[in-house]
Structures are given as structure tokens and as C-alpha cells.
Amino acid sequence: MSRKLDNTQIITRELIKKKFEESLDTNKDEIISNDNKYNQFLHDFFENFSASLILKTLDLSDEELEKGIVGKGNDGGCDGLYLFVNEELVLDDTFLENIKKNPIIDVYIIQSKFETSFREDVFHKWKTVIENLMSLESFKTKDFRNRYNNDVLEFFERFHNTYLNLITKSPTINFKFYYVSLGNEVHDNVLQLANETK
């Protein structure tokens with residue numbers, strides 16, 4: 001038996017749905033009338049919406065936000081992956097040569113689920129992603145194409161290039177994990193896994 005939503009969850013869900021429907025410009029009637037399409041587009045909107053709120057203070061453009069959305073299957077539990085050096089977004093063409101000593105590398109890992117709970121499997125996936133991301137040698141020798149989609153693999157490569165480019169400048173790496181859902185209660189097992197990820 002599923003748990004009833006409380007007022008906060010209902011209001012939040014309806015506000016997000018309304019914002020999503022207002023964002024539709026083409027094929028609006030077709031999307032709204034088809035449950036499968038609606039739910040898929042709503043999930044995609046929620047991924048972008050979540051990332052925009054989390055990264056709001058970093059003032060990214062819509063295009064920059066979109067480039068970090070990687071959640072489309074084989075994403076390792078990551079709907080959004082963003083790399084910053086000294087609070088500046090790093091893309092493939094970012095120039096790093098003028099970065100001074102002791103730079104701060106921030107890796108934002110975002111999982112967004114338009115559902116009313118938090119699941120344990122997200123944390124298990126994140127542990128594996130971090131192990132693979134930090135293993136510079138195995139990334140060169142193993143074929144991860146069956147495990148991760150191209151966007152995730154490109155992020156891994158961008159991270160490795162950035163880290164190795166800045167290695168002589170003694171960078172500090174911060175991993176920032178965000179799990180977004182409509183849930184308002186966290187099971188003890190999920191909380192324990194979240195604490196282990198810190």
C-alpha cells in the first residue's frame with residue numbers, strides 16, 4: 001500500500017507540473033494527452049529544474065545547465081554532472097593555464113527523481129561512479145561504454161584532463177552530492193548510506 005502524499009508534497013508536485021506545462025512550446029497538446037510522453041518530458045524537466053536550483057548561485061546559462069544533464073540511461077545514478085574550478089564551469093574548451101596555486105575543483109553529482117521517496121540504489125551507484133572516476137589508470141584500460149553513456153564518459157574525461165592539468169598546482173577536490181525527489185522522509189538505511197558517501 002502506498003503512503004498518502006502530505007499537503008507539501010501535493011503542492012510541490014502540482015507547482016512543478018504547472019511550471020513544466022508552461023514551459024512547453026511545441027506539441028503541448030500532444031504531450032499532455034499522452035501519459036508516457038508526459039511523464040518522460042516531466043522527468044526531463046525535473047532534472048533540469050533541480051540542477052538550476054542547486055546551481056543557482058553559480059549563475060549558469062540555460063545552455064550550460066543543459067550540457068551537464070547526462071541522465072538518459074547508463075548514467076551511473078547521475079542525472080547531472082558539473083565540473084567547476086574556483087567556481088567557474090569547466091567545459092571541453094575551458095582554458096586552465098592561468099589558474100593559480102591551490103585551486104578548488106568542485107564536482108556536482110545530481111540525481112533527480114520525480115517520485116515521493118529516496119532509494120538506496122542511488123548511493124550504491126554513486127560509490128561505483130566515484131571509484132571509476134578517480135581511477136585514472138583503469139579509465140584508460142577498461143571499456144566503460146556498456147556501463148556509462150557518452151555524456152558520462154565525456155565528463156570523466158573532462159575531469160581527468162582538468163585534474164591532471166592542475167596536479168602541479170595542488171588542487172583540492174570536493175564532491176557535492178545532491179539527491180532530489182518529492183520525498184520528505186528518509187529511511188534509516190538511506191540516511192546511513194548518505195552518511196557513508198560523505
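It should be noted that the structure appears before, not after, this text.
Rules of the game
- Residues numbered from 1 in each chain as written.
- Predicted model: local features only at pLDDT ≥ 70, side-chain atom pairs only at ≥ 80, totals over all residues.
- Heavy atoms only, no water.
- Helix = DSSP H or I, 4+ residues; strand = E, 2+ residues; numbered from the N terminus.
- Rg over C-alpha atoms; globule rule 2.2 N^0.38 Å.
- Contact = heavy atoms within 4.5 Å.
- Areas by Shrake-Rupley, 256 points an atom, 1.4 Å probe, with all protein chains shown as cover.
- Lys, Arg positive; Asp, Glu negative; His and termini not counted.
- Charge placed at Lys NZ, Arg CZ, Asp CG, Glu CD.
- Pairing = 2+ DSSP bridges.
- Salt bridge = Lys/Arg side-chain N within 4 Å of Asp/Glu carboxyl O.
- Buried < 20%, exposed > 50% of the residue type's maximum accessible area, 1.4 Å probe, protein only.
- Expected span 1.5 Å × (residues − 1).
- Polar contact = N/O pair within 3.5 Å; in protein donor to acceptor, adjacent residues only side chain to side chain.
- Phe/Tyr/Trp six-rings, centres within 6.5 Å; stacked < 30°, edge-to-face > 60°.

Draft legend 1. Looking closely at the overall build of the chain. Looking only at helices and strands, the chain features eight helices and four strands. Shown N-terminal to C-terminal, the secondary structure of the chain runs as helices and strands in the order α-α-α-α-β-β-β-α-α-α-β-α. Relative to the compact-globule value of 16 Å for 198 residues, the chain shows a C-alpha radius of gyration of 18 Å, a close match. With the C-alpha coordinates aligned to their principal axes, the bounding extent of the chain is approximately 55 × 40 × 35 Å. Contacts spanning at least 24 positions in sequence make up 71% of the contacts within the chain whose residues lie at least 6 apart. Total accessible area computed for the chain in this model is approximately 12100 Å², and 47% of it derives from carbon and sulfur atoms. Taking the average location of the 25 positive side-chain charges in the chain and that of its 35 negative ones, the two points are 3 Å from each other.

Draft legend 2. Representation of the sheet that holds strand 2 (residues 88-89) in the model. Read from one edge to the other, the open sheet built from four strands follows the order 2-1-3-4, with strand pairing classed as mixed. Two strands bound the open sheet, and with one partner strand each, they are strand 2 and strand 4 (172-180). Inspection of the sheet shows strand 3 (residues 104-112) paired to strand 4 by nine bridges, in the parallel sense. For Ile109, the partnering residue across the bridge sits in strand 4 and is Phe177.

Draft legend 3. Representation of the side chain of Gln111. Mapped onto the secondary structure, Gln111 falls in strand 3. Non-local contacts of Gln111, meaning those with residues more than four positions away in its chain, are made with Gly77, Cys78, Asp79, Val122, Trp126, Tyr178, Tyr179 and Val180.

Draft legend 4. Structural context of the pattern of salt bridges. Tallying each qualifying case throughout the model produces eight salt bridges. In this structure, the salt-bridge partner of Lys176 is Asp106, at a minimum N-O distance of 4.0 Å. Residue Lys176 is located in strand 4, and its partner Asp106 is located in strand 3; the two are separated by 70 residues in the primary sequence. Residue classification places Asp106 among the buried positions, given a relative accessible area of 7%.

Draft legend 5. Spatial organisation of helix 3 (residues 35-54). Look at helix 3: 28 Å from first C-alpha to last across 20 residues, which is about the 28 Å you get at 1.5 Å a residue. Here helix 3 has its buried residues at Tyr38, Leu42, Phe45, Phe46, Glu47, Phe49, Ser50, Ala51 and Ile54. Buried-residue contacts for helix 3 involve helix 1 (7-23), helix 2 (28-33), helix 4 (62-67), strand 1 (80-85), strand 3 and strand 4. For helix 3, the N-terminal capping position is held by Asn34, with its side-chain oxygen 3.1 Å away from the main-chain nitrogen of Asn36.

Draft legend 6. Spatial organisation of unusual backbone geometry. One non-glycine residue, Asn27, lies in positive phi territory at about 60°. Positionally, Asn27 belongs in the loop between helix 1 and helix 2. The backbone phi angle of Asn74 is positive, close to 50°, even though this residue is not glycine. Relative to the elements of secondary structure, Asn74 occurs in the loop between helix 4 and strand 1. Judged by its relative accessible area of 44%, Asn74 falls in the partly exposed class.

Draft legend 7. View of the packing of aromatic side chains. The tally for this structure, following the rule as stated, stands at 16 aromatic pairs. An angle of 75° between the planes, with centres 5.4 Å apart, marks the rings of Phe84 and Tyr108 as edge-to-face. In this pair, Phe84 is assigned in strand 1 and Tyr108 in strand 3, connecting sequence segments 24 residues apart. Of the two residues, Phe84 and Tyr108, both sit in the buried class. Relative to Tyr179, the ring of Trp126 has its centre 6.4 Å away and its plane inclined at 75°; by these criteria the two rings are edge-to-face. With Trp126 in helix 5 (residues 121-134) and Tyr179 in strand 4, this residue pair connects regions lying 53 residues apart in the sequence. Looking at Trp126, the relative accessible area reads 2%, which means it is buried. Following the ring pairs from residue to residue traces out a cluster consisting of Phe118, Phe123, Trp126, Phe159, Tyr163, Phe175, Phe177 and Tyr179.

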